[in-house]
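One-letter residues, chain by chain:
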Amino acid sequence: MTFELSPEHEQFRRSVRDFAQAEIAPHAAQWDRDHHFPTDVVQKMGALGLMGLTAPEEYGGSGLAGEDGGFTSLCIAIEEIGRVDQSMGITLEAAVGLGINPILTYGTAAQKEEHLPSLVAGEQLAGFGLTEPGAGSDAGATRTKADPVEGEWVVNGAKQFITNSGSSITSLVTVTAKTGEREGGRPEISTIIIPSGTPGFTAEKAYDKLGWHASDTHPLSFEDARVRGQPARRPRSRLRPVPRHPRRRPRRDRRPRRRLHPSLPGPVARNTPWTARPSAAPSAASRASPSVSPTSG
Amino acid sequence: MLEASRLLTYKAAAMKDAMDAGAGVSTKDFKQAAAIAKLYSTESAVTATRIATQIFGGYGFMEEYPVVRFYRDAKVLEIGEGTSEIQRMLIARGLGLPVE
Ligand SMILES: Cc1cc2nc3c(=O)[nH]c(=O)nc-3n(C[C@H](O)[C@H](O)[C@H](O)COP(=O)(O)OP(=O)(O)OC[C@H]3O[C@@H](n4cnc5c(N)ncnc54)[C@H](O)[C@@H]3O)c2cc1C
Ligand SMILES: Cc1cc2nc3c(=O)[nH]c(=O)nc-3n(C[C@H](O)[C@H](O)[C@H](O)COP(=O)(O)OP(=O)(O)OC[C@H]3O[C@@H](n4cnc5c(N)ncnc54)[C@H](O)[C@@H]3O)c2cc1C
């Protein structure tokens, strides 16, 4: 019995390794000493297609999701970048898992259309703010709240330890906030997109961390930060539909980007042990699937 | 440890791809595999880098060599995106054990 990645995935690993060796490895120690977040290199990871490995082509992604092994490719990319610099590894992981994924999974068509192209291209970054002072592991204890006022959400509260949330290329943060109460007194927690530059939203001074010195981590504060539109999740019907937020609309750049997979037109994961040997698949395939929550910050 | 971490991680990744492709992997099984991979791989990273600094003796405490940065950078892996304690809780729950 052998467990190995497909030849295509191994080839992909080599191209990411070459990139990491050339663009990141020589500088990692210096960035660590200087606490420098290299936005140009982050954007180069984007130009290579690393932020788009799990995104559909309509937003500029690889379209390799599912049987084409896009998620496996993402893990390979994170391993190879992290091999030379954990800071850039987490920057990539958070850009996709926390920045792009919640919008891709739960965003409205308009939100996806507006935000995803520049995030998938890696030209801009999005953070995901779940953790608060007093609400880390216990995400249900969220105190940040968003009140509907005249077709806008008014957000008040604070978040802490938020990755990719305050860099010069951060275009937005998606934050969890209490939007009401559910039956039985449990809080109703929604996710709301807050564009960088929204008055009342401040990414405070970056943390001085034990490690990950070249990763961008900030406390966030919200004082009557007003955003138009609907939360990415559980849109509430009693709100009037309102025009989309016009501020800082990302440049929609449709020029074809250099693809990381020029030689990989077809599936890249068919030969992985899990997909190639159905007998190895879990027997509980028919069990009910609970819905996935993006709040894993 | 590295080999085991890779196997667990890429197994979980392949399950996620198979799940997204509708190939008969349940969300519950994928989540369990992901929690196990996250817990084991991150704790392995901390252990491996701690042992690496030890091999360097006194230099394992000095910023002159990259090994110190590897050790510093590893620690947070046990904390972010669900701490080790939370992963253990999720895994126990996934096994059907009573977890409050
Ligand atoms: C560098 C960095 C980047 C981060 N980036 C993000 C981000 O982008 N977005 C985001 O939302 N968050 C982010 N976080 C926050 C991270 O997810 C939290 O720190 C983590 O979830 C733990 O929460 P906490 O810090 O509040 O600790 P707490 O939840 O207070 O936990 C403290 C300790 O108690 C333990 N503990 C807690 N509850 C239990 C329990 N029920 N049983 C047993 N033990 C328990 C924990 O395991 C931990 O050891 C980041 C953190 C760091 C350090
Ligand atoms: C902050 C700091 C302050 C210090 N202050 C002082 C001081 O004031 N005065 C002073 O004299 N020294 C001082 N030292 C030095 C310290 O005592 C040595 O670093 C320590 O004795 C280890 O020696 P080494 O660094 O040469 O490592 P090595 O001896 O090269 O050891 C490297 C690794 O190999 C292992 N090893 C070595 N030999 C064997 C063996 N036979 N069997 C199994 N494993 C082995 C060691 O346990 C270690 O893990 C200091 C060190 C530090 C980091």
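Predicted model, so just to flag it, every value in this text is computed and none were measured.

A. Structural view of a nonpolar patch on the surface. A contiguous nonpolar surface patch, about 760 Å² in accessible area, is contributed by Ile51, Ile55, Phe56, Tyr59, Phe61, Met62 and Tyr65 of chain B. Note on Tyr59 of chain B: relative accessible area 42%, which makes it partly exposed.

B. Molecular detail of the packing of helix α1 (residues 7–24) of chain A against helix α4 (residues 70–84) of chain A. Residues and elements named next belong to chain A. Axis separation between α1 and α4 bottoms out at 9 Å; the angle between their running directions is 30°. The orientation of α1 relative to α4 falls into the category roughly parallel. Like other packed secondary-structure pairs, α1 and α4 cross with a definite hand, here right-handed. Listed contacts from α4 to His9, Phe12, Arg13, Val16, Arg17, Phe19, Ala20, Gln21 and Ile24 of α1 are Thr72, Ser73, Ile76, Ala77, Glu79, Glu80, Ile81, Arg83 and Val84. Split by residue class, the contact of α1 with α4 holds nine nonpolar, four polar and five charged.

C. Spotlight on the site of ligand 2. All names here are of chain B. Ligand 2 sits among Gln54, Ile55, Gly57, Gly58, Phe61 and Met62. One of the backbone N or O atoms of Gln54 is found 2.6 Å from an oxygen atom in ligand 2. Contact between ligand 2 and Gly58: an oxygen atom at 2.6 Å from a main-chain N or O atom of the residue. A total of 960 Å² of accessible area belongs to ligand 2 in isolation, and the protein chains cover 20% of it. Class assignment for the residues of the shell around ligand 2 results in three nonpolar, three polar and no charged.

D. Quick look at the interface of chain B and chain A. On the chain A side, the residues contacting the 30 residues of chain B number 39 residues. At the boundary of chain B with chain A, total buried surface from both sides reaches about 2900 Å², with 58% on carbon and sulfur atoms. Of all residues in chain B, Tyr10, Asp17 and Glu81 of chain B give up the largest surface area on contact with chain A, accounting jointly for 23% of the area buried on that side. At the boundary of chain B with chain A, the tally comes to two salt bridges. Here Arg72 of chain B makes a salt bridge to Asp32 of chain A, at a shortest N to O gap of 2.7 Å.

E. Quick peek at the domain arrangement of chain A. All names here are of chain A. By the assigned domains, chain A splits into domain 1 (7–123) and domain 2 (126–236). The partner domain 2 presents 22 residues to the 27 residues of domain 1 that form the contact. Between domain 1 and domain 2 lies a buried interface of about 2100 Å² when both sides are counted; carbon and sulfur atoms form 64% of it. Considering only the side of domain 1, the residues that lose the most area to domain 2 are His35, Phe37 and Tyr106, jointly responsible for 23% of the buried surface there. Linking domain 1 to domain 2 there are zero salt bridges. Where domain 1 packs against domain 2, one counts four residue pairs in polar contact (both at pLDDT 80 or more). Looking at which element gives the most residues to the side of domain 1 that touches domain 2, the answer is helix α5 (residues 86–106), with 12 residues. Its residues assigned to classes, the side of domain 1 that touches domain 2 comprises 13 nonpolar, 12 polar and two charged.

F. Representation of the nonpolar core. Formed by 41 residues in total, the largest nonpolar core has its most connected members in Ile24, Met45, Leu50, Met51, Ile81, Met88 and Leu92 of chain A. Of all the secondary-structure elements, those providing two or more residues to this core are α1, α3 (39–47), α4, α5, α6 (109–120) and β1 (125–129) of chain A together with α1 (2–20) of chain B. Ranked by the residues each element gives to this core, the list is headed by α5 of chain A, at seven residues. Formed jointly, this core draws a minimum of three residues from each of two domains, domain 1 (7–123) and domain 2 (126–236) of chain A. Core analysis: the second largest hydrophobic core is formed by 14 residues, Val173, Ala177, Ile194 and Val227 of chain A among them.

G. Representation of α1 of chain B within the structure. Residues and elements named next belong to chain B. A rise of 1.5 Å per residue sets the reference length of α1, with its 19 residues, at 27 Å; its end C-alpha atoms lie 27 Å apart and thus fit the reference within 8%. When α1 is considered as a whole, its buried residues turn out to be Ser5, Tyr10, Ala12, Ala13, Ala14, Met15, Lys16, Asp17, Ala18 and Met19. Where α1 terminates, the next one or two residues include Gly22, which has phi positive at roughly 70°.

H. Spotlight on the environment of Gly89 of chain A. Residues and elements named next belong to chain A. Within the secondary structure layout, Gly89 lies in helix α5. Looking at Gly89, the relative accessible area reads 5%, which means it is buried. Considered as a pair, Gly89 and Ile78 are 11 residues apart in the sequence and their alpha carbons are 5.2 Å apart. Excluding its chain neighbours within four sequence positions, the residues that come into contact with Gly89 are Ile78, Ile81 and Gly82.

Cut-off values and rules
Positions within a chain are numbered from 1, following the residues in the order the chain's sequence is written. Numbering of ligands from 1 and lettering of chains from A proceed in the order in which they are written. For this predicted model, a pLDDT threshold of at least 70 governs which residues receive local features, and a threshold of 80 or more governs which side-chain atom pairs are given and counted, while totals over whole chains, interfaces and linings are taken from all residues. In computing side-chain values, all of the structure's heavy atoms are included and hydrogens and water are not. Residues enter a patch when their relative accessible area is above 30% and they make no salt bridge; the linking distance is 9 Å between like charges and 5 Å between nonpolar side chains (Val, Leu, Ile, Met, Phe, Trp, Tyr). Values of accessible area rely on a 1.4 Å probe in the Shrake-Rupley scheme; residue burial ignores everything except the protein chains shown. Put simply, a salt bridge is a Lys or Arg side-chain nitrogen that is within 4 Å of an Asp or Glu carboxyl oxygen. Partly exposed describes any residue whose relative accessible area lies between the buried limit of under 20% and the exposed limit of over 50%, with all areas from a 1.4 Å probe on protein chains only and scaled to the type maximum. Note on geometry: axes are C-alpha line fits, over the in-contact stretch for helices, and angles between N-to-C directions span 0 to 180 degrees. Numbering of helices and strands starts at the N terminus; helices are DSSP runs of H or I of at least 4 residues and strands are runs of E of at least 2. Orientation labels follow simple angle bins: below 35 degrees gives roughly parallel, above 145 gives roughly antiparallel, 65 to 115 gives roughly perpendicular, and whatever is left gives oblique. Crossing handedness is read from the near helix: turned anticlockwise from the far helix by less than a right angle, it gives a left-handed crossing, and turned clockwise, a right-handed one. Any two residues whose heavy atoms approach within 4.5 Å are treated as being in contact. Any residue that is not Ala, Val, Leu, Ile, Met, Phe, Trp, Tyr, Cys, Pro, Asp, Glu, Lys or Arg is counted as polar, Gly included; the first ten are nonpolar and the last four charged. Note on terminology: near, applied to a residue and a molecule or strand, indicates that one of the residue's heavy atoms is within 4 Å of it. Under this definition, polar contacts are N or O atom pairs within 3.5 Å; protein pairs additionally need one hydrogen-donor-capable and one acceptor-capable atom, and for neighbouring residues in sequence, both atoms have to be side-chain atoms. By convention, the term buried area covers the 1.4 Å-probe accessible surface removed from two parts as they join, with the contributions of both added. These domain limits were set by an automatic method or by a database of domain assignments. Throughout this description, the term nonpolar core refers to a set of buried Ala, Val, Leu, Ile, Met, Phe, Trp, Tyr and Cys residues connected via side-chain atoms within 4.5 Å. Residue count minus one, scaled by 1.5 Å, sets the expected span of a helix.

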